[in-house]
Amino acid sequence: MSSTSPIILSIESSCDDTSAAVLKGKQLLSNVTADQKVHKAYGGVVPELASRAHQQNIIPVVEQALKLANINKDAIDAVAFTRGPGLLGSLLVGTSFAKSFAMARNIPLIEVNHMRGHILAHFIEDEHHLPKPSFPFLCLTVSGGHTQIVKVSSPSEFKIIGQTIDDAAGEAFDKIAKIIGLPYPGGPLIDKNAQEGNPKRFEFTHPKVGEFDYSFSGLKTGVLYFLQKEIKKNPDFIKENLADICASVQHTIVSILIKTYKKAAKAEGITQLAIAGGVSANSGLRKALKDLEVTNGYKTFIPPFSYCTDNAAMIGIAGYYKFLENDFAPYTISPKARLTINSL
Ligand code: KG4
Ligand code: ZN
């Protein structure tokens, strides 16, 4: 084993994606994710179904990741896994698998905070060869469960500058999509429909919250009341205006995200701005961040699509940094559904 380029098998199972990856040092060798179609019929993730699907998926996903990486089980130096935050039943599957694998092979076990994983995904080395942020930088982490502006001073130092006081940005996308009649997860579908729409057609109010905080539950209610009013006049309003509704909703969410992010960057005096998490796949957000390079002179970091939504590659890179510090977990460890970015 090389102490600076360990071969790490990583496991992610915090929500409804079962994922396994293999890294050699920072270099990604494979990243395999099985998503769970079973939740579509329910309009959201059903925790009990998620954990059952993880149980079915975990072994084939790990086998596929090892095969694609061309790595034999005996060559693995450590196993990294998502300890939290997430759904407890889902986390239990990945945690139990990782513990058993590490124990059976007598190799180190590394616990990873899912939110840190999203951010550290920027340091994965792969075929994209993207420039990496240097420390300190800011990251706007926008997922289905979180919306936070984080100051990242090193791979193990994270400070929350601001965060949502209610719904996360991804949750806002998904809930508004549901109101419009789009299936779960609605974020990518709002994005798709927005492509053809006019983002300025409908205006929705921005929330009033603390200087660096976010709030999205008012927007969801605002869209609901607006649509109810319009449908009374024209029952086909949504169908006839789908692209403009999606474009206007997306434009509002992205403007809210960027406005506060810029304020935080100015206050912190930091010019390197990254985004991470499922909503960082959103075309409007990616473009708005990129535009800040031209308009404000910031250096921006946008992850490849494969590291935006949940994946094990990000858990592997976070595990790699902990491996360098000999920061290992006991085989008796259990998952934690609630975990802030400052813990682990
Ligand atoms: O990070 P993630 O995969 O899971 C959590 O940790 O929550 O994020 C999932 C969220 C969902 O709310 C999904 O609708 C949203 O990311 N999402 C998007 C897009 N792709 C995924 N939201 C808007 N536009 C997208 N293109
Ligand atoms: Zn996530």
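Now for a description of the structure that goes with this document. (Residues numbered from 1 in each chain as written. Chains lettered and ligands numbered in written order. Predicted model: local features only at pLDDT ≥ 70, side-chain atom pairs only at ≥ 80, totals over all residues. Heavy atoms only, no water.)

A few points about the site of ligand 1
Threshold: Residue proximity to a molecule or strand is established when one non-hydrogen atom of the residue lies within 4 Å of it. Polar contacts, as counted here, are pairs of nitrogen or oxygen atoms within 3.5 Å of one another; within protein the pair requires one atom able to donate a hydrogen and one able to accept it, and residues that are adjacent in sequence qualify only if both atoms are side-chain atoms. Cavity means a closed set of points on a 1 Å grid over the protein atoms alone, one where a 1.4 Å probe fits but cannot get out, pocket means an open set with protein on both sides within 12 Å along at least 5 of 7 lines, and lining means a residue has an atom within 4 Å of a point. To decide whether a molecule occupies a pocket or cavity, check its atoms: if more than half lie within 2 Å of the grid points, it is inside. Classification used: nonpolar for Ala, Val, Leu, Ile, Met, Phe, Trp, Tyr, Cys and Pro, charged for Asp, Glu, Lys and Arg, polar for all others including Gly.
Surveying the vicinity of ligand 1 reveals 19 residues, the closest of which are Gly 144, Asp 174, Asp 191, Asn 282 and Asp 310. A distance of 2.6 Å separates an oxygen atom of ligand 1 from a polar atom in the side chain of Asp 174. Applying the majority rule of atoms within 2 Å of the grid points places ligand 1 in the largest pocket. Residues belonging to the shell around ligand 1 are distributed by class as follows: five nonpolar, 11 polar and three charged.

A look at the coordination of the zinc ion (ligand 2)
The line we're drawing: Water is not among the atoms examined, so metal sites may look incomplete; donors are the N, O and S atoms within 2.8 Å of the metal, or within 3.2 Å for Na, K and Ca. Counting from the N terminus, the helices are the DSSP runs of H or I reaching at least four residues and the strands are the DSSP runs of E reaching at least two. Each residue's exposure class comes from its accessible area (1.4 Å probe, protein chains only) as a fraction of the maximum for that residue type: buried when under 20%, exposed when over 50%, partly exposed otherwise.
At 2.0 to 2.1 Å from the zinc ion (ligand 2) lie its protein donor atoms, namely His 114 (NE2), His 118 (NE2) and Asp 310 (OD). Counting residues between consecutive donors of the zinc ion (ligand 2) along the chain gives the motif H-x3-H-x191-D. Pair noted here: His 114 and His 118 are both in helix H3 (residues 114–120), with a separation of four residues, about one helical turn. For the pair shown, His 114 and His 118 are each scored as buried.

Comments concerning helix H2 (residues 88–105)
Put simply, the rule is: Here a helix's expected span is defined as the number of its residues, less one, multiplied by 1.5 Å.
In a regular helix each residue adds 1.5 Å, so 18 residues correspond to 26 Å; H2 covers 26 Å between its end C-alpha atoms and thus fits that length. A positive phi of about 55 degrees marks Asn 106, the residue just after H2.

Notes on the sheet that holds strand E1 (residues 7–12)
Formally: When DSSP locates at least two bridges between a pair of strands, those strands are taken to pair. Working convention: axes come from line fits to C-alpha atoms, limited for helices to the stretch in contact. Angles between N-to-C directions cover 0 to 180 degrees. In what follows, a contact means two residues having at least one pair of non-hydrogen atoms within 4.5 Å.
The mixed open sheet is built from five strands, whose spatial order is E3-E2-E1-E4-E5. Of all the strands in the sheet, the pair left with one neighbour each is strand E3 (27–35) and strand E5 (109–113). Each strand axis lies, on average, 20 degrees off the axis of its neighbour in the sheet, ignoring direction. Both E1 and strand E2 (residues 17–24) contribute to a ladder of six bridges, which runs antiparallel. Considered in E2, the bridge of Ile 11 is made with Ala 20. Sheet strands touched by helix H1 (residues 47–69): E1, E2 and E3. Its angle to E2, the strand with the most contacts, is close to 25 degrees. Seen against the sheet, helix H9 (residues 313–324) touches E1, E2, E3, strand E4 (78–84) and E5 and runs at an angle of roughly 130 degrees to E1.

Some words on the packing of aromatic side chains
Defined as follows: The pairing test for Phe, Tyr and Trp rings, Trp by its six-membered ring, is centres within 6.5 Å, and the orientation test on the planes gives stacked under 30 degrees, edge-to-face over 60, and tilted for anything in between. Remark: a charge is flagged as sitting over a ring if the NZ atom of Lys or the CZ atom of Arg is within 6 Å of the ring centre and within 35 degrees of the ring normal.
All told, the structure shown has 12 aromatic pairs when counted by the stated rule. We note Arg 105 situated over the ring of Phe 101; from NZ or CZ to the ring centre the distance is 6.0 Å. Directly above the ring of Phe 305 sits Arg 286, whose terminal nitrogen or CZ lies 4.0 Å from the centroid.

Read these as spatial facts, not as claims about activity.
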